[in-house]
Amino acid sequence: MMAFISIMRSHISISLTYKMNILFGYISDILYVVLKCYLWLAIANSNPSFAGETNYIITYFIFVSIIMQLTGNRLTIASNILDGSLSNWLLKPFSIFKYELAQQLGRAVMTASRLWIIILAIVAFMSSYIVIWDYNYLVGILFLVLGFFVSFYIALVIQLFAFWLMRVEALQFIYTMFVDILSGGMIPYKYMPAAIKNIAELLPFKFIIQMPIAGFTNTLSSGEILNNVIMAVAYIVALHFIAAFIFKKGLKKYTAMGG
Amino acid sequence: MIRIEKLNYNYTVYKHKEGKKRLLMNSLKRDRVIIPALKNINLEINEGEIVGLIGLNGAGKTTLLKCISGLLQPKEGSIHVGEYIPSERQKEYLMKLSFFMGQKNQLIWDLPPMETFNIHKAIYKINDNDFKRIIDETSQLLHVEHLLRTPSRQLSLGERVKMEFILSVLHSPKFVLLDEPTIGMDIQSQYSIRSFLKQYLKANNITCIITSHNMEDIVKVAERAVLINKGEIVYDSSISKLIYEADCSEFMYISIKAKEGFVLPEYLQHLTVASKEDNRYMMKVDKSEGQAVIGNIINDPDIRNNFFIEPEPLEEIIIKLLENKK
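What you see is a predicted model, and the numbers here were worked out from it, not measured in a lab.

A. Examining the domain arrangement of chain B more closely. All names here are of chain B. Each domain of chain B was delimited in the assignment, giving domain 1 (2–245) and domain 2 (249–324). Of note, the centres of domain 1 and domain 2, computed from C-alpha atoms alone, are 37 Å apart. On the side of domain 2, 7 residues touch domain 1, which itself brings 12 residues to the contact. Roughly 880 Å² of surface becomes buried between domain 1 and domain 2 when both sides are summed, with 81% attributable to carbon and sulfur atoms. It is Met215, Leu242 and Glu245 that lose the most area in domain 1 upon contact with domain 2, and together they represent 47% of the buried surface on that side. Joining domain 1 to domain 2, the criterion identifies 0 salt bridges.

B. Focus on the pairing of strand 11 (residues 272–277) of chain B. All names here are of chain B. As judged from the 5 bridges shared by strand 11 and strand 12 (residues 280–286), these two strands associate in the antiparallel manner. For Glu277, the partnering residue across the bridge sits in strand 12 and is Arg280. Turn length for the strand 11-strand 12 hairpin, with the two strands adjacent in sequence and antiparallel, is 2 residues, and the turn residue Asp278 shows positive phi of about 50°.

C. Broad picture of the confidence of the model for chain A. Per-residue confidence for chain A averages 89 on the pLDDT scale, and 99% of its residues sit at or above 70. Within chain A, helix 13 (residues 222–253) of chain A carries the highest mean pLDDT (96), whereas helix 7 (residues 115–126) of chain A carries the lowest (79).

D. Local environment of the layout of surface pockets. One number sums up the size of the second largest pocket: a volume of about 1,200 Å³. Around the second largest pocket sit 44 residues that line it, and Thr255 and Met257 of chain A together with Tyr9, Tyr11 and Thr12 of chain B are the ones nearest its centre. For the lining of the second largest pocket, the elements supplying multiple residues, two or more each, are helix 9 (162–165) and helix 13 of chain A together with strand 1 (2–15), strand 2 (31–45) and helix 2 (61–69) of chain B. Per-element tally for the lining of the second largest pocket: the top contributor is strand 1 of chain B, with 7 residues.

E. Geometry of empty space enclosed by the protein. All names here are of chain B. Throughout the structure, instances matching the rule amount to 4 cavities of 30 Å³ or more. In this structure, the largest cavity spans a volume of roughly 100 Å³. For the lining of the largest cavity, the secondary structure elements donating two or more residues are strand 5 (97–101) and helix 6 (157–169). Sorting elements by how many residues they give to the lining of the largest cavity places strand 5 first, with 3 residues. When its residues are assigned to classes, the lining of the largest cavity shows 5 nonpolar, 6 polar and 1 charged.

F. Expanded view of the pattern of salt bridges. Residue and element names in this part refer to chain B. Per the counting criterion, the structure on display carries 16 salt bridges over all chains. Among the salt bridges present, the one from Glu49 reaches Arg224, with a minimum N-O distance of 3.1 Å. With Glu49 in the loop between strand 2 and strand 3 (50–54) and Arg224 in strand 8 (residues 224–229), this pair connects stretches of sequence that are 175 residues apart. Here Glu49 falls in the buried class, since its relative accessible area comes to 13%. Through salt bridges with shared partners, a single ionic network connects Glu49, Arg224 and Asp236.

G. The arrangement of the sheet that holds strand 5 of chain B in detail. All names here are of chain B. Taken together, the 6 strands give an open sheet; going across it, the order is 5-6-7-3-8-9, and neighbouring strands pair in mixed fashion. Either end of the sheet is taken by a strand with one partner, and the two such strands are strand 5 and strand 9 (232–238). Between one strand axis and the next, the sheet turns by 15° as a mean value, whatever way the strands run. As defined by bridge partners, strand 6 (residues 175–179) adjoins strand 7 (residues 207–211) across 5 bridges and the pair is classed as parallel. Each bridged residue has a counterpart across the sheet, and for Asp179 the counterpart in strand 7 is Thr211. The strands that helix 2 touches are strand 3, strand 5, strand 6, strand 7 and strand 8; relative to strand 6, the one it contacts most, it runs at about 155°. With respect to the sheet, helix 6 is in contact with strand 5 and strand 6, its orientation differing from that of strand 5 by roughly 170°.

H. Structural detail: a nonpolar patch on the surface. A cluster of nonpolar residues, Met20, Leu23, Phe24, Ile27, Leu31 and Leu35 of chain A, forms a patch on the protein surface that exposes about 590 Å² of accessible area. By the secondary structure assignment, Leu31 of chain A is in helix 2 (residues 19–46).

I. Structural context of the interface of chain B and chain A. At the interface, 28 residues of chain B touch 29 residues of chain A. Buried surface at the junction of chain B and chain A, summed over both partners, amounts to about 2,500 Å²; 61% is from carbon and sulfur atoms. Our count for the chain B to chain A interface comes out at 0 salt bridges. Along the contact surface separating chain B from chain A lie 6 residue pairs in polar contact (both at pLDDT 80 or more). At the level of secondary structure, the elements contributing two or more residues to the side of chain B that touches chain A comprise strand 1, helix 2, helix 3 (91–96), strand 5 and helix 4 (113–123) of chain B. Looking at the side of chain B that touches chain A element by element, the count peaks at 5 residues for helix 4 of chain B. Along the lines of polarity and charge, the residues of the side of chain B that touches chain A split into 15 nonpolar, 7 polar and 6 charged.

J. Up close: unusual backbone geometry. The phi dihedral of Asn218 of chain A is positive, around 60°, even though this residue is not glycine. By the element assignment, Asn218 of chain A lies in the loop between helix 12 (210–216) and helix 13. Residue class for Asn218 of chain A comes out partly exposed when judged on its relative accessible area of 32%. Not every positive phi belongs to a glycine, and Glu180 of chain B is a case in point at roughly 55°. Residue placement: Glu180 of chain B occurs in the loop between strand 6 and helix 7 (187–203).

Here is what the cut-offs are and how they apply
Residues numbered from 1 in each chain as written. Chains lettered and ligands numbered in written order. Predicted model: local features only at pLDDT ≥ 70, side-chain atom pairs only at ≥ 80, totals over all residues. Heavy atoms only, no water. Domains from an automatic or database assignment. Contact = heavy atoms within 4.5 Å. Buried area = accessible area lost by both parts, 1.4 Å probe. Salt bridge = Lys/Arg side-chain N within 4 Å of Asp/Glu carboxyl O. Pairing = 2+ DSSP bridges. Helix = DSSP H or I, 4+ residues; strand = E, 2+ residues; numbered from the N terminus. pLDDT = per-residue confidence, 0-100. 1 Å grid on protein atoms, 1.4 Å probe; cavity = no way out; pocket = protein on both sides within 12 Å on 5 of 7 lines; lining within 4 Å. Points joined across faces, edges and corners; volume = space filled by probe spheres on them. Nonpolar A, V, L, I, M, F, W, Y, C, P; charged D, E, K, R; others polar. Buried < 20%, exposed > 50% of the residue type's maximum accessible area, 1.4 Å probe, protein only. Axes fitted to C-alpha atoms, helices over the stretch in contact; angles between N-to-C directions. Patch = residues over 30% accessible without salt bridge, like charges linked within 9 Å, V, L, I, M, F, W, Y side chains within 5 Å. Areas by Shrake-Rupley, 256 points an atom, 1.4 Å probe, with all protein chains shown as cover. Polar contact = N/O pair within 3.5 Å; in protein donor to acceptor, adjacent residues only side chain to side chain.

Structure (structure tokens):
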């Protein structure tokens, strides 16, 4: 556990090393949320079918912007396989999965610590559009944590294909497209065509955005919460075993390039 | 003890064809070439023994170390390191193993080396006293104690290699694999590393394999030399025997420190000048005429106080050994 915390702490230290980068990080956070909301505001105002829904859409995309940053990840295992630096971790008595997880948790902690500035920006620019729901923070955070792990393991499985493909950027791009469309990040589930929505409900991508939002906005019944928690845990366990299987097979292909 | 039996390892390489027309074809179809990197390797290394692995570029030295460390999983042959099979990557084995790769960077680029050391401490569960003692000892020895809290990206190559070296001994390993341990280091640090290794490895009964293109590393640290050429072991003997082969070679070298305006005397002109740097001549002499040449030098007042005799350099002996086995 100490090793896990040390890795997490070092990742946080790296994030805090460059002052100007921190400043631009804050600016990009604010711009991302505010610009996305104004874009949707323009779309909602110019489209009669969204009449009366403007505030819902704006509030939804504020959530999307925040949750995406918390459940997203930037894994490095594929590049480590490509340049051979994976060897450094394979030689240590510490799981490479745990190492990646510690780094991503460090990143999520840093993102969470910057949330106050996003919230301030929202209050400053968008407060008149925010719908006040009967928020359920407990369920929201529960699905946020589950979403983080689902997103982590899907990304991990994709990155592990680098053992065979060497470069996985194209695969990563396809994954990002699926996440954008099927997680509710691009279109709220309530506006999705029924056929796509039915498929999306069965896939793990909904845990990355849709379910945390549904949890926070208290739109789930107790039965739905239970079913979805079981489904998310089942996906996480399955993805963990798939990743472990691919990793074991991949190690046989690994040639530890680069000297 | 390390025991390797009938080990074979092949690399698959995809060759690109040349020519403008091949630009597209290279991405569709490439020639697949199987390169045998290790061929029927049999090797036994006793507990506490220090072996120098010598060979030219691409001979298979690093591949062999990668197999022993478990990074590569060979399909043919077997490797046992103590009670462990490296490819199984047992935690107990990894706790006792250290693989120093002079060309690989383990330090966290944006943070001082001490941060990487602290992660290492947590992973290997090193107690506070040992951690402090090893860092103090090694950093003083390598003259980097003042750099422990400088970001790694601001260190020179040699300074980074020294920090990597500290990292590799921090967890008191029992099996140490050293691949180019003095790469990028100044001569003082090379000397310090060799002195440290010789004392440290013996005092702790560590089994070690060291590879280096710097023969001093091998001669000063190892007690046994294994020559590897094109994936095959071609020579396996003690370092003292290897040095003896150099001493007993058919050639010797006479080094002359020349004065200003020096002209090579007639009795030396038929000899091969192996090297000439500033005012220093290195003459290659067949031992059969050594007595005559030395006799002439002793009678020559211009030279007799400015010469010395050296055995054939170890590098040349090794190249000869490799060529003889081709």
